[in-house]
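# Chain and residue survey
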Amino acid sequence: RKGTAIITGASSGLGLATAKALAETGKWHVIMACRDFLKASRAAKAAGMDKDSFTVVHLDLASLDSVRQFVKNVRQLEMPVDVVVCNAAVYQPTAKEPSYTADGFEMSVGVNHLGHFLLARELLSDLQSSDYPSKRLIIVGSITGNTNTLAGNVPPKANLGDLRGLAGGLNGIGGSAMIDGGEFDGAKAYKDSKVCNMLTMQEFHRRYHEETGVTFASLYPGCIATTGLFREHIPLFRLLFPPFQKYITKGYVSEEEAGKRLSQVVSDPSLTKSGVYWSWNKNSASFENQLSEEASDADKAKKLWEISEKLVGLA
Ligand code: NDP
């Protein structure tokens, strides 16, 4: 049978390119988990995806109710859940003030981490009950949250501190909108959320890999400088960033190539190892990359897991 992969944020950029790459193999049905139903169906059509190769299901990660409803809706489809890809993200580098999710969490961490945390926890039992030979939960990471790299050292650097802001509810009301309890900084909030993504993947691996047989993985697909992720950046940045990445850092990858990379992590028989953060070298060959000290801190991962459980109502 075909595999079924759920991809969040499949309406543009990396998520769409991955959905397309998987659909084109003829071996996958993609559940596009998107906040804008019409945009997602149009994007799939414009990408040339066969109408039988995907199903759009509404998901707004900025609302925990929407996440719970999404899980119910997916179960009603009566399709197996073989792979889940947590890909959607918001990035608000120029925001002066924080914005908040329906549940009152700062938006970047609320969507990128907490929404996905609840989604992944809820869908774990569905993954477990699938009879697919290689079941996978993939959380898209980033180099920018990884301070052992050059890109990860561009200020403001990711730093979760002792997680006091997160423990305080990340709501800015009498507390802080930042995980470390500091002043709001949109670019840092995004990087922090990506560290959370990488820590969450490892904590899933430690807690559930043996018991469930599910492969847990993260990745850095390369710098896809052309995606909508940079839509809120200043115009000059948007003009100069793609050529800068192409010719200076040489970290640039096209959306198509990045989509192929993520689709390998979804389906390649050789990428079944769990607990791995995948990257690609200049020849587009995958390798197991090292995470920064903070992004591989097991104590922090456990603490993050426990606080996140409370915030999303699982504990
Ligand atoms: P895009 O902005 O193109 O895609 C992000 C997707 O997330 C969009 O489909 C967007 O939906 C969706 N999304 C945003 N908010 C929500 C929400 N509340 N609920 C549901 N979906 C939402 O960016 P990219 O493709 O670049 O980013 C994809 C992933 O790749 C992210 O995890 C990012 O961190 C990661 N990444 C990107 C890099 C890059 O260079 N671009 C580098 C490394 C990692 P909509 O279409 O409705 O706006």
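Residues numbered from 1 in each chain as written. Predicted model: local features only at pLDDT ≥ 70, side-chain atom pairs only at ≥ 80, totals over all residues. Heavy atoms only, no water.

What follows is about the sheet that holds strand 7 (residues 276–280). One open sheet holds the 8 strands; their spatial order is 3-2-1-4-5-6-7-8, and the pairing between them is mixed. Looking at strand neighbours, the two that pair on one side only are strand 3 (54–58) and strand 8 (286–288), the edges of this open sheet. Between one strand and the next, the sheet's axes are offset by a mean angle of 25°, whatever the strand orientation. One ladder, built from 6 bridges, connects strand 1 (residues 3–8) with strand 2 (residues 28–34); its direction is parallel. (Pairing = 2+ DSSP bridges. Helix = DSSP H or I, 4+ residues; strand = E, 2+ residues; numbered from the N terminus. Axes fitted to C-alpha atoms, helices over the stretch in contact; angles between N-to-C directions.)

A few words now on the confidence of the model for the protein. Overall, the prediction assigns the protein a mean pLDDT of 94, with 100% of residues at 70 or greater. Interface confidence for the predicted complex, given as ipTM, is 0.99, next to a pTM of 0.97. (pLDDT = per-residue confidence, 0-100.)

Here we come to a nonpolar patch on the surface. A cluster of nonpolar side chains, namely I234, L236, L239 and L240, defines an oily patch on the protein surface of about 410 Å² accessible area. Secondary-structure assignment places I234 in the loop between strand 6 (215–219) and helix 7 (235–249). On the accessibility criterion, I234 (47% relative accessible area) is partly exposed. (Patch = residues over 30% accessible without salt bridge, like charges linked within 9 Å, V, L, I, M, F, W, Y side chains within 5 Å. Areas by Shrake-Rupley, 256 points an atom, 1.4 Å probe, with all protein chains shown as cover. Salt bridge = Lys/Arg side-chain N within 4 Å of Asp/Glu carboxyl O. Buried < 20%, exposed > 50% of the residue type's maximum accessible area, 1.4 Å probe, protein only.)

A separate point is the site of the ligand. In the neighbourhood of the ligand, 30 residues make up the surrounding shell, with S11, K39, N87, Y190 and T227 lying closest. The separation between an oxygen atom of the ligand and a polar main-chain atom of L14 is 2.8 Å. Backbone polar atom of I224 to an oxygen atom of the ligand: 2.8 Å apart, as the coordinates give it. Contact with the protein chains hides 97% of the accessible area of the ligand, taken as 900 Å² for the molecule alone. Those elements that provide at least two residues to the shell around the ligand are helix 1 (13–24) and helix 6 (186–212). (Near = heavy atom within 4 Å. Polar contact = N/O pair within 3.5 Å; in protein donor to acceptor, adjacent residues only side chain to side chain.)

The next subject is the packing of helix 6 against helix 9 (residues 298–311). The contact between helix 6 and helix 9 brings their axes to 9 Å, and the two run at 90°. On the basis of their axis angle, the class for helix 6 and helix 9 is roughly perpendicular. Contacts between helix 6 and helix 9 involve C196, L199, T200, E203, F204, R206, R207 and Y208 on the former and, on the latter, A298, A301, K302, L304, W305 and E306. Among the residues making up the contact of helix 6 with helix 9, the classes are represented as 8 nonpolar, 1 polar and 5 charged. (Parallel < 35°, antiparallel > 145°, perpendicular 65-115°, else oblique. Contact = heavy atoms within 4.5 Å. Nonpolar A, V, L, I, M, F, W, Y, C, P; charged D, E, K, R; others polar.)

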